[in-house]
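# What the coordinates show
Residues per chain are reported as follows:
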Amino acid sequence: MTSSTWVGRGIPQVDIDSKLRGATEYIADITVPGMLHAVIVRSPVAHGRLHAVDVERARRVPGVRAVLTSADTPQRFFGPHANDWEILASEKVRSFGDEIAAIAATSIDAAREAAALVTATIEELPAVFDPYEALEPDAPTVWDDRPGNVANSFQIARGDVAAGFDKADLVVTDSYSTNQIYHAYLEPIGVMAEYHPSGSYTLTVPSHIPYKARLTYAGALGVRPDQVRIVVPPIGGSFGAKYEMIEPLMAAVLARETGRPVRLVYDREEDAQIARSRPPFWFHHRIGVTSDGLFIARETEVVGTAGSRVFWSPSVLATAVHRVDSLYHFHNMAGHGRLAYTNESPTTCMRGFGNAESLFGIEQMIDEIGEKLGIDPVELRRLNAVREGETTLHGWQISSSKLPACLDRVEELSDLTNKRKDTAKQRGTTGVRRGFGLAIAHHVSGYRPILADYDGSSAIVHVTSGGSVTLFVGEPDIGQGQATVLAQVVADGLGCDPEDVTLRGVDSALSPDAVGTLASRATTLAGNAAVAAAKSAQDKLNQFLAKEWGTSPDALQWDGGTVQAEGRAVTFREAMALYAVAHCGLPLLGEGVHHPATQMPDANKYGNPSPAYPFAAHVAEVEVDCATGQIRVVRYWAVHDSGTILNPSTARGQVVGAIAQGVGWALMENVDVKAGRVKNPNFLDYRIPGGGDMPETFVEFVDGFEPNGPHGAKSLAEAAINPVTAAIANAFYDATGVRCHDLPLSPERIWELLSEENGPALAADVQEVHA
């Protein structure tokens, strides 16, 4: 057997040297002989009948090899959730920036010159941008065959909600909204497409979910899935934006038309202008509670914006409506959500996936309940939170939870109880105030409904005669450190060094099919498959050595990369050299398949969809300048239960990165959309946090073990962002006594809130400062 020497160590990321030296090749760095450059011509209006697209002048530009319109593409509607996608717009444009023509040329300058010469005849139609207005009976219709503009609806109920509220001693009702957020990844969207005489395509696409994306693309192109090869290059960030995209299809039809490879890469402004952002949501919550603090009923109404077509927002909506019921026991619940078509760029999922949006309001209401009942907010959460071994209202089976330990530790680290006693004395004063806010969260480690065919993961380990190891999985590394963590578990399984393990980029011609890297599933599910594949390979090696040495495989002992038995000892590399000679150079192959004990939820969303659930407790300390509305997060504490921490260094990086995103979301980030057009499509006007915006941050992980995870691990990255905006909002309330119901907590919004609600003295002080 092999002793664990790498799991649990905070080794640097295995690809860090390449990235720091600029040697990693992202899609914009990849060139192939004969490659053409693509540019997209977009609609200048938010809604209109597309009568004609004149491309003749564009086709005469030197260097232009193709100018395509909808007439040159497969005439079909398709999509991952609804058949409302088309490669290029045909009869209507439904948002500013809709794609109406695609150009391929020998240079990017020629392609841009041609794009400027394309003219479209569009009969402008009334447009709708507000989701509530879109759902009104007399609203302009975005899709003629979808009256009412309902892109998706979700409804769920458990227990007897009316009876629960009847029994409640206190009912709290409130409304909250979360805003539209740009993913702000380092690498704008880019793809490359090649068409082959056989009728097949090779698409180089930075996608999280290449297997599912291949199904979508094959359907759109009218070919079999095995005629679409997906190659995933290094991904420069995504956070949910790069699942299934329209861009590979536009490049594909250009490649088919020209017979040459075509690369399409957006610049930052184009990417931000048409990017599929986090959907904005409006929540109306109602919670019933007994006098001793027991939650007994919850009701919620949610409205969100889908934009002009549906990407992954329906799944985000469902999460926003009901996932919190598996963090707290509400006992009776009813939820209803609607997504509205509007004449805006489509929205999609982002880190947190609806869970973070819901918790922004719910966690503030729980603080409000505690205040009204005189119950400490820590104790109120402890009383109602789900616990290890329990089954939640929606059938989630909590196989491990150290949430109580997270609460204990974050309270201790932040000295929350004592500090909040001090901040209460500030109420009613002007100037700078401090406040402390608590929020908790959970998430999944994979989600069974994503792919109808199967859950789980598979892996292949390939070991050469020199001891170099290549790991093949179907879950792409999206920059989160997956390559390092999987290298560690494989190295422990084989008895080698993580530096000898390379995670092969996903290639559908070589890699296993997989659900993909989403729903925080990669470490848990691909990790289990990698453990199984490494064990398979080492079992074969052990059987070979035992036969060579005339002993039993059970007698072999691996320690620190060396195996010994019967007075003999060889290193892993030496063992592989012996194996290769005996097998005429055949590499050692190990295969691993992991079937999680998950359940496909039924039609009413009841079932256990994930093998494991992580938990977290966060505390934010903020400083609020009541005269200017400026708010600053000065310190932040995060304590997580993610089971065994496979790599403390990368795990801490995930939490700190999530806090940074949460701070940006809470305080400054907001996609400013006016009449369907993004007004801040750059990092000058769309500000994301810099180093000076980050608080002093303290991150800890409680001791835990998840029986369904690799070496006891479970997910981390999304649970880390889910409580951030709520913790900051609760801290703002602690400092000021004012609730902020809408994101972001911008200086303008805070100044208005404090001017309106803190009385004449503060209002006069504020007005004097701004005079």
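Residues numbered from 1 in each chain as written. Predicted model: local features only at pLDDT ≥ 70, side-chain atom pairs only at ≥ 80, totals over all residues. Heavy atoms only, no water.

## Description of the pairing of strand E5 (residues 99–105)
Here is the rule: Each residue is placed in one exposure class: buried if its accessible area under a 1.4 Å probe, protein chains only, is under 20% of its type's maximum, exposed if it is over 50%, and partly exposed if it falls in between. Counting from the N terminus, the helices are the DSSP runs of H or I reaching at least four residues and the strands are the DSSP runs of E reaching at least two. Between any two strands, at least two bridges found by DSSP are needed for them to pair.
For E5, the buried fraction is high: seven of the seven residues fall into the buried class. Both strand E1 (residues 36–42) and E5 contribute to a ladder of six bridges, which runs antiparallel. Within E5, the position partnered with Ala38 by the bridge is Ala104. Relative to E5, strand E3 (residues 64–68) runs antiparallel, the two sharing four bridges. Across the sheet, the residue bridging to Leu68 is Ala102, located in E5.

## So, the sheet that holds strand E6 (residues 119–124)
As summarised here, the arrangement of the three strands in space is E4-E2-E6, forming an open sheet in which the pairing is antiparallel. The sheet terminates laterally at strand E4 (92–93) and E6, the two strands that pair on one side only. Note that strand E2 (residues 48–54) and E4 share two bridges and pair antiparallel. From the neighbouring strand, Arg49 faces E4, where its bridge partner is Lys92.

## Some thoughts on the sheet that holds strand E17 (residues 457–463)
Operational definition: Here, axes are lines fitted to C-alpha atoms. For helices the fit covers the stretch in contact, and angles between N-to-C directions go from 0 to 180 degrees. Contacts are residue-level and defined by heavy atoms, with any inter-residue pair within 4.5 Å sufficient.
Strand order in this open sheet of four strands is E19-E18-E17-E23, and the pairing throughout is mixed. One side of each edge strand has no neighbouring strand; the edge strands of this open sheet are strand E19 (501–503) and strand E23 (588–594). Averaged over all adjacent pairs, the angle separating strand axes in this sheet is 20 degrees, with direction ignored. In this sheet, E19 lies alongside strand E18 (residues 469–473) in parallel orientation, the contact comprising three bridges. Of the residues in E19, the one forming a bridge with Val469 is Val501. Each of E17, E18 and E23 touches helix H15 (residues 522–549); the most contacted strand, E23, lies at about 140 degrees to it.

## What to know about the state of the cysteines
Counted only if it meets this: Cysteine sulfur atoms that pair up within 2.5 Å are treated as a disulfide.
In the structure shown here, the tally under the stated rule is zero disulfides. Between Cys626, a cysteine without a disulfide, and Cys740, which holds the nearest cysteine sulfur, the sulfur-to-sulfur distance is 13 Å. Residue class for Cys626 comes out buried when judged on its relative accessible area of 0%.

## What to know about the pairing of strand E15 (residues 333–341)
By the criterion of burial, E15 is predominantly enclosed, with eight of the nine residues buried. The sheet contact formed by strand E7 (residues 150–158) and E15 spans eight bridges and is antiparallel. By the bridge assignment for E15, Ile156 is matched with Gly335. Sheet topology note: the strand E14 (residues 295–307)/E15 ladder contains nine bridges and is parallel. Its bridge partner lying in E15, Glu301 is registered against His336.

## Description of the packing of H15 against helix H16 (residues 572–582)
What counts is decided by this rule: In these notes the angle categories are as follows: under 35 degrees is roughly parallel, over 145 is roughly antiparallel, 65 to 115 is roughly perpendicular, and the rest is oblique. Residue polarity is assigned by list, with Asp, Glu, Lys and Arg as charged and Ala, Val, Leu, Ile, Met, Phe, Trp, Tyr, Cys and Pro as nonpolar; anything else, Gly included, falls into the polar class.
Remark: H15 packs on H16, axes separated minimally by 10 Å, with the N-to-C direction vectors making an angle of 75 degrees. Overall, the two elements H15 and H16 adopt an arrangement that is roughly perpendicular. Here Leu541, Phe544 and Leu545 of H15 lie close against H16, whose contacting residues are Phe572, Ala575, Met576, Leu578, Tyr579 and Ala582. Looking at the contact of H15 with H16 residue by residue, the class counts come to nine nonpolar, no polar and no charged.

Worth remembering: the numbers are spatial, not functional.
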